[in-house]
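Chain and residue survey
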Amino acid sequence: MTHMNRLTAGVMCAVAAVIIAAGAFFYFQVPSAADGRAMILPVDPAPLIAVTKNGERSFSIEVADTDAEREAGLMFREDMAADHGMLFVFNETREVNFWMKNTPMPLDLIFVGQDGRIRAIKHGEPQSEAIVSPGEPVRFVLELKAGTAARDGIADGDLLRHPVIGTAPDPGMSPANKSDSPNVDSD
């Protein structure tokens with residue numbers, strides 16, 4: 001009887017060790033900027049819409065809204081579809097600085113205010129450590145493949161619509177009236 005209890009306990013310990021080892025293996029297989037691999041976030045189910053003077057342009061986006069996701073961004077990505085991007089969501093409207101270190105593809109960096117309006121469009125050069133900044137506080141940054149903004153007629157002052165932009169309250173600001181929301185069309 002004692003032999004059977006020791007055998008059962010040994011098997012249980014072995015099973016637990018395998019589960020722990022498998023968990024550690026899969027945990028450390030998640031790509032991150034720290035290990036030199038591209039971070040790929042899930043594509044948000046809602047498209048981001050750029051409202052331009054020439055009509056609307058739709059993009060599938062990944063949303064980077066944590067410090068780790070914003071830090072990794074599009075680093076180590078070799079290519080990206082022309083209708084794809086990454087939306088960086090900050091906790092508050094503030095000055096932001098980007099650089100392109102470890103980012104092998106050129107990008108358009110579209111700096112967006114709390115209201116969803118584009119404040120500046122800058123170009124990021126691959127592998128550069130030069131600071132890219134709009135020169136004013138913003139709440140969001142949309143990164144697209146270089147040349148996409150010009151090709152699609154996206155310009156300063158244009159409106160970006162997406163549920164994240166429409167629901168991101170700025171600390172210290174009163175909630176927006178529905179008619180003020182960039183995601184609600186008014187007649």
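Up top is the structure these notes are about.
The paragraphs below set out a description of the structure included in this document. Bear in mind the structure is a predicted one, so any value in this text is a computation, not a measurement.

Despite not being glycine, N102 shows a phi value in the positive range, around 65°. Located in the positive-phi region is Q127, a residue other than glycine, with phi close to 65°. Positionally, Q127 belongs in the loop between β5 (118-124) and β6 (138-145).

Attention shifts here to the pairing of strand β2 (residues 55-64). Strand direction decides the pairing type here: strand β1 (residues 48-52) and β2, joined by five bridges, are antiparallel. Counterpart to V51 in the pairing with β2 is E56. In sequence, β1 turns back onto β2 through a hairpin of two residues. Direction of pairing for β2 relative to strand β3 (residues 84-94): parallel, over a ladder of five bridges. Bridge pairing links I61 to G85 in β3.

In terms of nonpolar packing, the biggest core is built from 20 residues, with F98, F111 and V141 touching the most fellow members. Core analysis: the next-biggest nonpolar cluster, separate from the first, contains 17 residues, A50, L87, L142 and A149 among them.

Calculation rules
- Residues numbered from 1 in each chain as written.
- Predicted model: local features only at pLDDT ≥ 70, side-chain atom pairs only at ≥ 80, totals over all residues.
- Heavy atoms only, no water.
- Helix = DSSP H or I, 4+ residues; strand = E, 2+ residues; numbered from the N terminus.
- Pairing = 2+ DSSP bridges.
- Core = buried A, V, L, I, M, F, W, Y, C linked by side-chain atoms within 4.5 Å.
- Buried < 20%, exposed > 50% of the residue type's maximum accessible area, 1.4 Å probe, protein only.

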